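Summary of structural features
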Amino acid sequence: MLLEVEDIHTAYGLIRVLFGISIKVDQGQVVTLLGRNGVGKTTTLRSIMGLTPPQSGSIKWMGSEIRGLPPYRISQMGIGFVPEDRKIFSDLTVWENLDVAIKSAGPDEPGWTMDRVFELFPALEMLRNRRGGYLSGGEQQMLTIARTLMGNPKLLLLDEPSEGLAPVIIQQLADQISKLKQEGMTMLLSEQNSEFSLGLSDGIYILEKGEVRFEGSVEEFMKDEETCRAYLYI
Ligand code: ATP
């Protein structure tokens, strides 16, 4: 198992948000955390990344405990985080945003290069000299994913990638994530948009009030009428 989150409890100060979340992500899988606003999806991803460290529980990455490690160490170990607020450098061009994120890959890894990223996101190549601040929401989302890939992660955490994007752009993004999956990238996404995520996912976890309410494959989700009725089109 690549990532094994076991019974984590996370709080912001005195405000408890996660009440024993357990999640597993296997190599090459796309797993989605589905749920409404405020149920703890972002906090789960931030807990894994060490940005909001859980108070208890365990997070195993390729078999080693990473709970309590600082985010830069977790990032160095191969987990890349694409935050919801798409923190790109607005004064730097697309090319510069990518250039500052380049990290050399391990000896046996193909590694992401500017060319490879532009192959996945041809639109970014056309915009290579445009400053980040002049990109549309969809272009910024592509750039945020592309920039995270430059760090050669083994697992990509994507926080609500479709948030605030027009339907046609969401479709493009789904195609790009699908392509990434075909290339073998393991991903854990958080989403409110079940339509976007179901076609991409191997496994689904539905979160409610900081707990896992349902877990299973997409087929199991589709067979569970009650869950489907509540979550198919949030
Ligand atoms: P969203 O779609 O809004 O991102 P989410 O499912 O990702 O929803 P979280 O962002 O993890 O949910 O938030 C879970 C709960 O934690 C919410 O009730 C939220 O108000 C609370 N929360 C989030 N960030 C903080 C913070 N910095 N301080 C205090 N409470 C917070």
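As shown above, the structure is provided for reference.
Below, the structure is looked at part by part. (Residues numbered from 1 in each chain as written. Predicted model: local features only at pLDDT ≥ 70, side-chain atom pairs only at ≥ 80, totals over all residues. Heavy atoms only, no water.)

Let us now look at the nonpolar core. Among the nonpolar cores identified, the biggest contains 34 residues, and Leu98, Phe121, Ile145, Leu149, Leu156, Leu180 and Met187 are the most heavily contacted of them. Looking at this core, the elements that each hand over two or more residues are α3 (94-99), α4 (114-120), α6 (137-149), β7 (155-159), α7 (167-182) and β8 (186-191). When sequence neighbours within four positions are dropped, the list of residues in contact with Met187 reads Val25, Gln29, Val30, Val31, Leu155, Leu156, Leu158, Ile177, Leu180 and Lys181. Core analysis: the second largest hydrophobic core is formed by 26 residues, Leu18, Val31, Trp61 and Leu188 among them. (Core = buried A, V, L, I, M, F, W, Y, C linked by side-chain atoms within 4.5 Å. Buried < 20%, exposed > 50% of the residue type's maximum accessible area, 1.4 Å probe, protein only. Helix = DSSP H or I, 4+ residues; strand = E, 2+ residues; numbered from the N terminus. Contact = heavy atoms within 4.5 Å.)

Looking at the ligand, there are 14 residues lining it, with Asn37, Gly38, Thr42, Thr43 and Glu160 nearest. One of the backbone N or O atoms of Gly40 is found 3.0 Å from an oxygen atom in the ligand. In the model, an oxygen atom of the ligand is placed 2.9 Å from a nitrogen or oxygen of the Lys41 main chain. Protein burial of the ligand: of its 630 Å² of free accessible surface, 62% is covered by the chains. With three residues, helix α1 (residues 41-49) is the single largest residue contributor to the shell around the ligand. (Near = heavy atom within 4 Å. Polar contact = N/O pair within 3.5 Å; in protein donor to acceptor, adjacent residues only side chain to side chain. Areas by Shrake-Rupley, 256 points an atom, 1.4 Å probe, with all protein chains shown as cover.)

What follows covers α7. Taking 1.5 Å of rise per residue, the 16 residues of α7 would be expected to cover 22 Å, and the 23 Å separating its terminal C-alpha atoms lies within 8% of that figure. On its buried face, α7 sits against α4, α6, β7, β8 and α8 (194-198). Phi turns positive, to about 100 degrees, at Gly184, one or two residues after α7. (Expected span 1.5 Å × (residues − 1).)

Attention shifts here to the environment of Ile66. Mapped onto the fold, Ile66 is located in the loop between β5 (64-65) and α2 (71-76). On the basis of relative accessibility, which here comes to 2%, the residue Ile66 falls in the buried class. For the pair Ile66 and Ile48, spaced 18 residues apart in sequence, the C-alpha separation works out to 8.2 Å. If we ignore the near neighbours within four places in the chain, the residues touching Ile66 are Ile48, Ile59, Trp61, Ile74, Met77 and Ile79.

The strands making up a sheet associate through hydrogen bonds between their backbones, and the pairing can be parallel or antiparallel. On the basis of which strands lie adjacent, the open sheet formed by six strands has the order β6-β7-β8-β3-β9-β10 and mixed pairing. Of all strands in the sheet, those with a lone pairing partner are β6 (79-82) and β10 (211-217), marking the two edges. The average undirected angle you get between the axes of adjacent strands in this sheet is 15 degrees. Sheet topology note: the β6/β7 ladder contains four bridges and is parallel. In the strand pairing of β7, Gly80 is matched with Leu156. Along the sheet, α6 makes contact with β6 and β7, crossing β6 at roughly 165 degrees. The sheet strands contacting α7 are β3 (30-34), β7 and β8, and the helix crosses β8 at an angle near 150 degrees. (Pairing = 2+ DSSP bridges. Axes fitted to C-alpha atoms, helices over the stretch in contact; angles between N-to-C directions.)

Right, let's talk about the packing of aromatic side chains for a bit. According to the stated counting rule, one finds one aromatic pair in the structure shown. Taking the ring centre of Trp112 as reference, the NZ or CZ of Arg116 above it sits at 3.8 Å. (Phe/Tyr/Trp six-rings, centres within 6.5 Å; stacked < 30°, edge-to-face > 60°. Lys NZ or Arg CZ within 6 Å of the ring centre and 35° of its normal.)

It is worth spelling out the pairing of β8 at this point. Walk down a regular strand and you will see the side chains alternate between the two sheet faces. Most of β8 sits out of view: six of its six residues are buried. The side-chain alternation of β8 yields two buried faces, one formed by Thr186, Leu188 and Ser190 and the other by Met187, Leu189 and Glu191. The sheet contact formed by β3 and β8 spans five bridges and is parallel. The residue bridging Val30 from the neighbouring strand is Met187, located in β8. Relative to β8, β7 runs parallel, the two being bridged by five bridges. Its bridge partner being in β8, Leu156 is matched across the sheet by Met187. Read from β7 through α7 to β8, the crossover connection turns out right-handed. (Right-handed = clockwise from strand over helix to strand, strands pointing away.)

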